[in-house]
Amino acid sequence: MALGGFSRRQDEGTARFSRTLTVALFIIAIVLIAFDRPQSRPPALAAFRATVMDMAAPLLDLAAAPIRGISNIGPYWRNQARLAEENEALRRELSETRYWRDLALQLRDQREIYEEALNVESPATQNRIGAWTLGDPDGPFVQSRLIGAGRQQGVASGDPVLNVYGLIGRVVETGRVSSRVLLLTDLNSRIPVMADRSNARAVLVGDNSAYPRLEFLTRNADLEDGDRIVTSGDDGVMPRGLPVGLAQRDRDGRWRIRPFSEQAPVDFVWVFPFRPPAAPEADPVDEELAEEGSDLMEAVEVDFATDEQTGAEAMAEPPAETAEVDQ
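The structure displayed is predicted, hence computed values, not measured ones.

**Student:** Explain a nonpolar patch on the surface to me, and be specific about the residues and the numbers.
**Tutor:** A cluster of nonpolar side chains, contributed by Val23, Phe26, Ile27, Ile30 and Val31, occupies part of the molecular surface with about 460 Å² of accessible area. Considering the arrangement of structural elements, one finds isoleucine 27 in helix H2 (residues 19-35).

Here it is as structure tokens:
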């Protein structure tokens, strides 16, 4: 009896589902799945569903806000710590930049004083021309760029082209509003350079690799890894002192250059118009003296030729007294 009573009470306390309700829910689920397809969804059902979603979206967003806030606590504080480190690094860089700015201004003032005292004029490279670059897949060179500046803006063939960090190449062709720049890494690039520390001369030769070679170094050239390489200006095409890169040896022991320009994409560049000093003009007084000297030499030559002709004629005719004695 005890077991039977316990079983009856357990059956009465257990929830029972009607078979009819189960079948009805199953049919409703099938209908909803069938009408969930866009092509078979009735317009009225689609409108009702859109209305329900519009009404439920704010409520769901409001209910999810606390959950999002709790989940973002960890990333927020991690981001704050990272920003604090970046701010500290930027403060250090700013202080160093201010120091180098003051030093550059001081050196500029000293240079102006020295130039005025020595009566020397440095090449004018301050009138730079900004331009955007484009790829040049159809050009005659492998490593080249097209820039949006040409003769109309003052660009000429041979002008150096730099980005924010250093030299990237030189202008080889100019159009009215565009120009072609040959990069340092191209096989046809040849630029005289020197070490900023020891003034060791070399020629930077491109070989279509990322790091061009240093050729024509002297046997005992004072060059070390990490030396700063700049243009020497020996070719008379580029000014002296433009930053190029750092010297380093490759696996074969050859000297190569890691260009400064690789630190930033070659998107926006500056063209520095450089005009080498013209040949000295002749002094007008010297020209007059040269003309007078040439006229004098011509007169002497004419007189000398006249004297020779007179002497030859005198030698050819015998004297009159000698002719009478013979008779």
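**Student:** Residues and numbers for unusual backbone geometry, please.
**Tutor:** Of note, asparagine 208 is a non-glycine position whose phi angle comes to about 65°, a positive value. Looking at the element boundaries, asparagine 208 is found in the loop between strand S7 (201-205) and strand S8 (213-215). With relative accessibility at 33%, the residue asparagine 208 sits in the partly exposed group.

**Student:** Give me the lowdown on the packing of aromatic side chains, citing residues and values where you can.
**Tutor:** Inspection of every chain in the model, using the stated rule, returns three aromatic pairs. Ring geometry for tyrosine 99 versus tryptophan 100: centroids 5.3 Å apart, planes at 70°, classification edge-to-face. Tryptophan 100 carries the same exposure label as tyrosine 99, and that label is exposed. Between the aromatic rings of tryptophan 132 and phenylalanine 268, the centroid separation amounts to 5.1 Å while the plane-to-plane angle is 70°, which identifies the pairing as edge-to-face. One end of the pair, tryptophan 132, is in strand S1 (residues 129-135); the other, phenylalanine 268, is in strand S12 (residues 268-271), with 136 residues separating them in the sequence. Classification of tryptophan 132 by relative accessible area gives exposed; the value is 60%. Owing to a relative accessible area of 31%, phenylalanine 268 belongs among the partly exposed residues under this scheme.

Procedures and definitions
Residues numbered from 1 in each chain as written. Predicted model: local features only at pLDDT ≥ 70, side-chain atom pairs only at ≥ 80, totals over all residues. Heavy atoms only, no water. Patch = residues over 30% accessible without salt bridge, like charges linked within 9 Å, V, L, I, M, F, W, Y side chains within 5 Å. Areas by Shrake-Rupley, 256 points an atom, 1.4 Å probe, with all protein chains shown as cover. Salt bridge = Lys/Arg side-chain N within 4 Å of Asp/Glu carboxyl O. Helix = DSSP H or I, 4+ residues; strand = E, 2+ residues; numbered from the N terminus. Buried < 20%, exposed > 50% of the residue type's maximum accessible area, 1.4 Å probe, protein only. Phe/Tyr/Trp six-rings, centres within 6.5 Å; stacked < 30°, edge-to-face > 60°.

These figures capture arrangement, not role.
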